Amino acid sequence: MKHIKFVSEAEKKKEKLYSILIYAMIIGLVITFIATYYFRVYVYGRKDSFTELYFPEPDSLPNWIKLNKEYNFSFGIRSNENSSADYRYNYGIELYNLYDEIESKYKCLSKYRDKIYLTWTNETGNFSLINKTKQFPEIEDLIVYPDYEKKLNWSQYTMQTGFSQPLGLGRVVIFFRNETDIKYFITIDEQENYTTFNGKITYRGIDLHKGNNDIMIVVLDNRIKMYLNKDIVINEKSDDLYDGSFGFYTNDAYFNIGGYTAYKESLVVVPDQDTIWPYEISRGFINKKISEIRELRSKSIPLISSSEEYNETIDCEEEPFYCGYFDLANDISFFLNETNLTKVAEKVPVVEYDVNFRMFPLNVNSSNINWTDFSIQFSHTQIQPGSKGAIILKFGNKWAVMLTRNNSYFMRPLEGGILIDEIRNPVKENQSMDFVNMTIAGNNLKLKINDKEVFIKELPADYTDSYLELFIKNTYLFIDSINIKNLDKDCGDPLNFKFCELILEVAGSGSRSSRQSEEFRVDYTQYETDASGFNLFQYAQEEKEETFYDYISGNYSLFEDDPLMPVIDIIIKKKELNETVSEPLKYKIDIPVENPFIPDKRIVFNSLSSVVVNSSNFSISYGINSYDGARVEEIGLLDFYDNEILSMYVLEKQDRIIVLYYDGSDYMTETISHTINESKSHMLGLDVIKGNVMFIFDNRKIYELANTGIDSGQFFVGSRNTHLEMGDVHVDIRDKGISKTFGVNEDPCELRLIQRWEFVDNLRLEPSESINITGKFNVSHDFDYGKIFVELYGSGGMPEDKPLEIHYWVMRDDT
């Protein structure tokens, strides 16, 4: 029988789809087979293409370099390219310095080594090397246990450490041991005034309170020598000086030892040789203990500031003091029918800027002073002529002193009222800060301002046992921390732990104060290697790619929600006053380039929160310490087009200071001869008060410009062809209540490039061909570290700016 199957259209389509899938699978298998064969034969089977650059004999590379001596080294190039390859190679040396002053301050050499970490503890166990009766029970015994896993077993070694003046009068034991035995121990005993080795007195006459103390222990040929501040205090023979590690023990004093370095032959780091072991001792625990002792002698308490509403009503006929206190030319006294000094301070009128701040200690009880004799010292930004600004220092309800620009006032209760003596201040020079010194002694209060005596007044019988408050009226001021010192003779004894000092920390005195690490731009300019000089004024009118004005005007919409939008609007509106200078700067002063490898550096404070806009009272200052190069430093103010409008250049090597000023139509310069000590640090400053500009060097006014009309711009600081360390930059915009400190210094331990030399040549290599090339160098320039480098261009189709590179480091050999 014949069976017949009826097939629907849907099934026909399904069969057709299956047929297509089967054909596709067959074709895919064929393609996969062909591709697999291709990759195996033509790709994976193809030889890799690359070039090698290497040191063929790394152990023979010279590491320690004597000046004016020729050295050779070899490097190899191997071509594993698939065809002939053309190369350009260059080798040479870069020389770097770590200046002695930086090294002594920051201990930079230790930064470049791996450290072993130890710690202080008061868990001393049964340590029995000291059998002394404690003289200072407030000071705990502390110990640093050795690192037993890493023992010194060199035939010779040196250990170096140090510490500042100890806190207390006691002793430190340096012991050398393994897990089971103490090999030797050294005692430095300031209380008994001697040093010992294994209990034997070796030296008498030590003083650890003169300054920093340096220790060096040298072990060689079974002899140990110890140097204390360069004096040999131990020189002994012993057979048990090896196979141990160092530890420390302190008694009756805190010795803030933060680490030590043990090395075999030299502190210079030689690559691939484990001959220097730096140990870092965590200071957290011992610093806490030192702080506990110091807090017995000195307290630091913040002042809390609050802005007060002024709601006082004054009758000038009944209380004339409040209506005319601020500028009386003659000494006079007032008597107020008031018994509360706080009320007197609160009623001093607020008539300018709506400034009325009150400041009091965060912890009143801890701030109480009950000393018989003491001093109060602080500095503040100077109150300007004509201002009704006032600072009032109130000591409970015992007495108060008020300071204005021209007068000082002594207030104290008397016979049911308040007696106020007004005394004319000595004439003040216009300067950024005034220094105030009050001495309370012998029942008298002596006031000095800027080291000039203002008055000596008898204190009331009850003048102590209270705390200090401040009131600031009618002016924005920056006030440094207030230092109150007990003048009791026992406070001069560092071993006396009585309460002797109170520091009231002021955070802005009614101003915004902060420490910034950004908010500025850093510009570097490199010199050509054959540069011989530079124009001191080359940046004054230099054309910029994008100025500050260009940025804020071009990105106006980005700032619409910014709280500083009003500042931006003011800058935009000042456009017609800040057009790019039309007259070219005709002045030129050529300064020799001392080292073309030292760049120019300029820091511009160009954030919206640090620029000066419509201000009548602002300043900038910073400290520097120059080490090398042309030794030229600068400070100044740019307009919003980055043109210089105020500049001061310090030329240390030429003993002169040059001032540059743009008056809106032309530039002027002034040269001031001034003896400058290149080995010392210096301070540069710029102070603008109502358009009058003071240029300041080392806290002295060097030059002054009157009625400049300058009220806006961007601060800048910098250096020209100079390696230097920059201190913090202090910016005050006083009439806006802004005080900022910018940390601008880069890593002080950064190696400073001082010289670079290179040799360039070309070669061609065939596939699998290699070559060894001998490089030569001879160093005549003083240096600390040198980097021998080799760069290879053209291999493997690499871009021109990304060569193969190898290098190694060398050090100066002073032996």
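What this report covers is the structure whose coordinates are included nearby. (Residues numbered from 1 in each chain as written. Predicted model: local features only at pLDDT ≥ 70, side-chain atom pairs only at ≥ 80, totals over all residues. Heavy atoms only, no water.)

## A word on the overall build of the protein chain
Next, step 1: Looking only at helices and strands, one finds 7 helices and 49 strands in the protein chain.
Next, step 2: Across the 815 residues that make up the protein chain, the buried fraction comes to 49%.
Next, step 3: Long-range pairs, those at least 24 residues apart, make up 72% of the contacts in the protein chain with a sequence separation of at least 6.
Next, step 4: Summed over its atoms, the accessible surface of the protein chain is roughly 40300 Å², and 47% of this surface lies on carbon and sulfur atoms. (Helix = DSSP H or I, 4+ residues; strand = E, 2+ residues; numbered from the N terminus. Buried < 20%, exposed > 50% of the residue type's maximum accessible area, 1.4 Å probe, protein only. Contact = heavy atoms within 4.5 Å. Areas by Shrake-Rupley, 256 points an atom, 1.4 Å probe, with all protein chains shown as cover.)

## Looking at helix H3 (residues 284–297)
Next, step 1: Counted at 1.5 Å a residue, the expected span for H3 with its 14 residues is 20 Å, and the 20 Å between its end C-alpha atoms agrees.
Next, step 2: Residues Ile286, Lys289, Ile290, Ile293 and Arg297 constitute the buried set of H3. Taken end-on, H3 shows its buried residues confined to a sector of 100°, consistent with a single buried face. For H3, the exposed residues lying more than 90 degrees away from the buried face are Gly284 and Glu295. (Expected span 1.5 Å × (residues − 1). Arc of directions from axis to C-beta.)

## Describing the pattern of salt bridges
Next, step 1: Summed over the entire model, instances satisfying the criterion amount to 39 salt bridges.
Next, step 2: We note a salt bridge from Glu179 to Lys151, for which the minimum N-O separation is 3.3 Å. Taken as a pair, Glu179 in the loop between strand S8 (167–177) and strand S9 (182–189) and Lys151 in the loop between strand S6 (142–144) and strand S7 (156–163) lie far apart in primary sequence, 28 residues in all.
Next, step 3: Notably, a salt bridge pairs Asp462 with Lys398, separated by 2.8 Å at the nearest N-O pair. Residue Asp462 is found in the loop between strand S28 (452–458) and strand S29 (468–473), and its partner Lys398 is found in the loop between strand S22 (390–395) and strand S23 (399–403); the two are separated by 64 residues along the sequence.
Next, step 4: Through salt bridges with shared partners, a single network forms among Asp600, Arg602, Glu634, Glu644 and Arg720. (Salt bridge = Lys/Arg side-chain N within 4 Å of Asp/Glu carboxyl O.)

## Observations concerning the side chain of Glu501
Next, step 1: Among the structural elements, Glu501 can be located in strand S31 (residues 501–505).
Next, step 2: Buried within the structure, Glu501 lacks any salt-bridge partner; its nearest side chain of opposite charge belongs to Lys485, at an N-O separation of 4.3 Å.
Next, step 3: Here the side chain of Glu501 touches Ser298 through a polar contact of 3.0 Å, side chain to side chain.
Next, step 4: Excluding residues within four positions of it along the chain, Glu501 makes contact with Arg297, Ser298, Lys299, Trp371, Asn483, Ile484 and Lys485. (Lys, Arg positive; Asp, Glu negative; His and termini not counted. Polar contact = N/O pair within 3.5 Å; in protein donor to acceptor, adjacent residues only side chain to side chain.)

## With respect to unusual backbone geometry
Next, step 1: A positive phi angle is found at Asp451, which is not glycine, with a value near 65°.
Next, step 2: Here Asp451 shows up in the loop between strand S27 (444–449) and S28.
Next, step 3: With a relative accessible area of 63%, Asp451 lands in the exposed category.
Next, step 4: Look at Lys690: it is not a glycine, yet its phi comes out positive at around 50°.

## Some words on the packing of aromatic side chains
Next, step 1: In total, this model carries 41 aromatic pairs according to the counting rule given.
Next, step 2: Relative to Tyr808, the ring of Phe73 has its centre 6.2 Å away and its plane inclined at 70°; by these criteria the two rings are edge-to-face. You can see Phe73 sitting in strand S3 (residues 70–80) and its partner Tyr808 sitting in strand S49 (residues 804–812), a full 735 residues away along the chain. By the burial criterion, Phe73 is buried, and Tyr808 matches it.
Next, step 3: Each member of the aromatic cluster is reached from another via a ring pair, and the members are Phe55, Tyr71, Phe73, Phe75, Tyr89, Tyr91, Trp757, Phe759, Phe777 and Tyr808.
Next, step 4: One residue, Arg88, lies across the ring of Tyr793, its end atom 4.1 Å from the ring centre.
Next, step 5: When the ring centre of Phe716 is taken as reference, the NZ or CZ atom of Arg602 above it lies at 4.1 Å. (Phe/Tyr/Trp six-rings, centres within 6.5 Å; stacked < 30°, edge-to-face > 60°. Lys NZ or Arg CZ within 6 Å of the ring centre and 35° of its normal.)

## Things to note about the pairing of strand S25 (residues 417–424)
Next, step 1: Of all the 8 residues making up S25, 7 are buried; the element is thus mostly covered by neighbouring parts of the structure.
Next, step 2: With 5 bridges connecting them, strand S19 (residues 332–336) and S25 associate as antiparallel partners. Within the sheet, the bridge partner assigned to Ile332 lies in S25 and is Glu422.
Next, step 3: Alignment of strand S24 (residues 407–414) against S25, held across 8 bridges, turns out to be antiparallel. (Pairing = 2+ DSSP bridges.)

## Considerations on the environment of Lys230
Next, step 1: Its location among the elements puts Lys230 in the loop between strand S13 (223–228) and strand S14 (231–237).
Next, step 2: Considering only alpha carbons, one finds Lys230 and Asp214, 16 residues apart in sequence, at a separation of 7.7 Å.

## Description of the nonpolar core
Next, step 1: Counting 54 residues, the largest nonpolar core has Leu536, Phe605, Ile620, Leu646, Phe695, Val717 and Val729 as the members making the most contacts within it.
Next, step 2: No other element matches the 8 residues that strand S37 (residues 617–638) contributes to this core.
Next, step 3: Leaving out residues up to four positions away in the same chain, Leu646 has contacts with Ile635, Gly636, Leu637, Leu660, Tyr661, Leu686, Val688, Val693, Phe695, Leu705, Ile710 and Phe716. (Core = buried A, V, L, I, M, F, W, Y, C linked by side-chain atoms within 4.5 Å.)

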